[in-house]
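Chain residues, written in single-letter form:
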Amino acid sequence: MSVGIDEISFYTSGQYLDLKTLAEHQGIDSNKYYDGIGQEKMSMASVDEDVVTLAANAALPIVERIGRESIGALLFATETGIDQSKAAGVYVHRLLELNSNCRVVELKQACYSATAAVQMGCALVARNPARPVLVVASDVARYDLGSPGEATQGCGAVAMLITANPRILALDPEVGNHTEDVMDFWRPNYRSNALVDGKYSTKIYLKSLKRCWEHFSEQSSVSYADIDYFCYHLPFGKMAQKAHSHLSRVNKSGQTPEQLEQQIEPTLKYNRLIGNSYTASMYIGLCSLLENSEESLAGRRVGLFSYGSGCVAEFFNGVVQADYAAALHKQRHQQILSQRTELSYDEYIKLYHYPNPTDGGDHRLAEQTQGAFRLAAITDHKREYVAR
Ligand code: HMG
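Residues numbered from 1 in each chain as written. Predicted model: local features only at pLDDT ≥ 70, side-chain atom pairs only at ≥ 80, totals over all residues. Heavy atoms only, no water.

Colleague: Just checking my understanding: could you explain the site of the ligand for this structure?
Modeller: Not every one of the 28 residues close to the ligand is listed here, only the nearest: K32, E79, C111, K199 and K242. Separating an oxygen atom of the ligand from a backbone N or O atom of C111 is a distance of 3.2 Å. One of the backbone nitrogen or oxygen atoms of S309 is found 2.8 Å away from an oxygen atom of the ligand. Breaking the shell around the ligand down by element, the ones donating at least two residues are helix 2 (31–37), helix 6 (198–219), helix 7 (237–250) and strand 13 (301–308). For the shell around the ligand, the element with the highest residue contribution is helix 6, accounting for five residues. Grouping the constituent residues of the shell around the ligand by class yields 11 nonpolar, 11 polar and six charged. (Near = heavy atom within 4 Å. Polar contact = N/O pair within 3.5 Å; in protein donor to acceptor, adjacent residues only side chain to side chain. Helix = DSSP H or I, 4+ residues; strand = E, 2+ residues; numbered from the N terminus. Nonpolar A, V, L, I, M, F, W, Y, C, P; charged D, E, K, R; others polar.)

Colleague: What exactly am I supposed to notice about the pattern of salt bridges here?
Modeller: Two side chains bearing opposite charge may form a pair once their charged atoms approach each other closely. According to the stated counting rule, one finds 18 salt bridges in the structure shown. One salt bridge in this structure joins R300 and D228, with 3.4 Å as the shortest N-O distance. Here R300, found in the loop between helix 10 (281–292) and strand 13, pairs with D228, found in the loop between helix 6 and strand 12 (229–232); they are 72 residues apart in sequence, far enough to count as distant. Looking at R300, the relative accessible area reads 29%, which means it is partly exposed. With a closest N to O distance of 2.8 Å, E265 and K269 form a salt bridge. Of the residues examined, E265 reaches a relative accessible area of 33% and is grouped as partly exposed. Overlapping salt bridges bring together D6, E7, R65 and R167 as one network. (Salt bridge = Lys/Arg side-chain N within 4 Å of Asp/Glu carboxyl O. Buried < 20%, exposed > 50% of the residue type's maximum accessible area, 1.4 Å probe, protein only.)

Colleague: Looking at this structure, how should I read the sheet that holds strand 2 (residues 15–18)?
Modeller: Read from one edge to the other, the open sheet built from three strands follows the order 3-2-15, with strand pairing classed as mixed. If you trace the sheet from one side to the other, it starts and ends with strand 3 (41–43) and strand 15 (341–342), each paired once. (Pairing = 2+ DSSP bridges.)

Colleague: Help me understand the environment of G4 in this model?
Modeller: Topologically, G4 is positioned in strand 1 (residues 3–11). Taking relative accessible area as the criterion, G4 reaches 0% and is therefore assigned buried.

Colleague: Is there a simple way to explain helix 3 (residues 51–66) in this structure?
Modeller: Between its terminal C-alpha atoms helix 3 stretches 23 Å, which fits the 22 Å expected from 16 residues at 1.5 Å a residue. The largest bend along helix 3 reaches roughly 40° and is located at A59, with the proline P61 sitting one to four residues downstream. Downstream of helix 3 by a residue or two, G67 has a phi angle that is positive, lying close to 95°. (Expected span 1.5 Å × (residues − 1). Bend = angle between axes of the 7 residues up to and from the residue.)

Colleague: Would you mind showing me how to read the environment of N177 here?
Modeller: Note on placement: N177 falls in strand 9 (residues 176–179). Expressed as a C-alpha distance, the spacing of N177 and A141, which sit 36 residues apart in the sequence, is 25 Å. With residues up to four places along the chain from it excluded, the contact list for N177 reads Y112, R211, C212, H215, A313 and E314. A polar contact of 2.8 Å, which involves the side chain of N177, links it to the side chain of E314. (Contact = heavy atoms within 4.5 Å.)

Okay, structure coming up:
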C-alpha cells in the first residue's frame with residue numbers, strides 16, 4: 001500500500017498589489033522584484049479574511065467531494081496563529097461541518113509545519129487506511145513597511161487529502177532532515193510582523209538544503225539523477241533558482257542552466273502571482289507543477305524541499321500517479337488567480353494598517369471577501385466566522 005497526496009486545492013485572497021506599484025512608490029526599478037527576486041504580485045488578505053477563512057475556502061472542494069463523515073483528522077499548519085490556546089482548525093472543522101469524531105490540532109514550526117503535518121498524516125493513514133487525513137496549511141506573510149522583506153509578503157492556504165493509494169503523489173517514507181537553533185526569521189508574540197535577517201536566512205536555507213540532501217542520501221536509494229522535478233519552499237521565486245543550482249553543484253550534476261530551469265520552472269508560476277504564503281508556499285508550488293507542466297507527469301519523480309526558519313528542514317520525494325490529472329482543481333485555481341482585483345498603493349496601505357481590535361468591544365468587519373467564508377466580527381474577544 002502506498003500513502004500520499006490524493007487531492008490538493010489552494011485558495012488566496014481576491015486582491016493583490018502589483019510589485020511594479022511598490023517599486024514605483026519606492027522610486028526603484030521594478031525589475032529588482034520581477035527579475036531580481038522573481039515575483040510579480042502579492043496577495044493581500046481583505047479585512048474579513050484570515051488563516052481560518054483562507055483554509056476553509058481551500059478545503060471546501062475536497063470536503064464536498066469526499067464527504068464530511070470520512071475524514072479522521074484535520075491537521076492545521078500555520079505561523080499566523082490567531083489564538084495561543086485554541087487551534088484555528090477547530091473553527092475550520094465547524095465551517096466545513098466535519099464530523100465531531102474528527103480530531104483537530106494546530107502545528108507550528110515556521111514554513112516547515114505543513115510538511116510535519118503531511119508526514120504525520122501519512123503515519124496516521126498507514127495505521128488506519130480507512131480514515132483519510134485533511135492537512136491544511138494557511139498563512140498571511142507580513143513584514144514591516146520599507147523593510148527588504150516587504151516585497152515578499154503574500155497570503156494563501158492549501159488543503160491536501162492524505163490517503164492510502166493516493167491519486168496524485170505517492171510519497172516515499174525515506175526523508176532527510178536538518179534542525180538547527182538559528183535566528184534568521186522569527187515573530188515574537190507581541191508583534192504582528194515577522195523580524196528577519198534576510199541575507200542570513202537565504203544562507204541558512206541553502207545550508208539546510210545540503211544537510212537534508214546528505215541525510216536523505218544516507219536513507220534512500222533515490223539519487224539526484226532519478227528526480228525529474230524539484231519543488232522548493234518558495235519565499236520568493238529566485239530562492240528556488242539559487243537552491244536548485246546549489247543542489248546541482250553539491251551533486252556535481254554538470255547540468256546546463258537551461259536543464260536546471262526546466263526542472264523547477266513550472267513550480268514557480270502560481271507563487272509568482274501570490275507571494276509568500278509561508279506553510280502553504282511549497283505546496284502551492286507543487287500545484288503549480290502539476291497544473292502547468294507541458295508534459296504529462298505520470299510516473300515522474302518529484303523531490304520536495306521544505307524549509308521553516310528557526311530552523312527545521314526536510315527533503316522528501318514522491319512519484320506522480322497515472323491518473324493524477326483527473327484529480328486536480330486546475331480550472332478553479334486559475335479562476336481564483338484571474339478574478340482578483342488590483343490594489344492601488346493607497347488601498348494597500350489602508351489594508352496594511354487596518355486595525356486588529358484587541359479591546360473586547362463589538363467590532364463588525366466590512367464585507368470584502370468573495371470567498372465562501374468570512375470573519376464577520378470580533379466581539380468580546382471572540383472571532384465570529386460565517387459562511388457567505
Ligand atoms: P534585498 O536585500 O532588498 O535585495 O532583499 P537585494 O538587494 O539582495 O536584491 C535581490 C536580488 O535582486 C539580487 O540578486 C540583486 O542583484 C537583484 P541576487 O544577488 O540575489 O541574485 N536586483 C536586480 N535584478 C534585476 N534588476 C534590478 C535589480 N536590482 C537588484 N534593477 C531579501 C532580498 C531576500 C533579503 C528580502 O526580500 C528579504 O528579507 N525577504 C524575507 C526573507 C526571506 O524571504 N528569506 C528567504 C529564506 S528564509 C525562508 O524561506 C523562510 C521564510 O519563508 C519564513 C518561514 O520559514 O516561516 C521567510
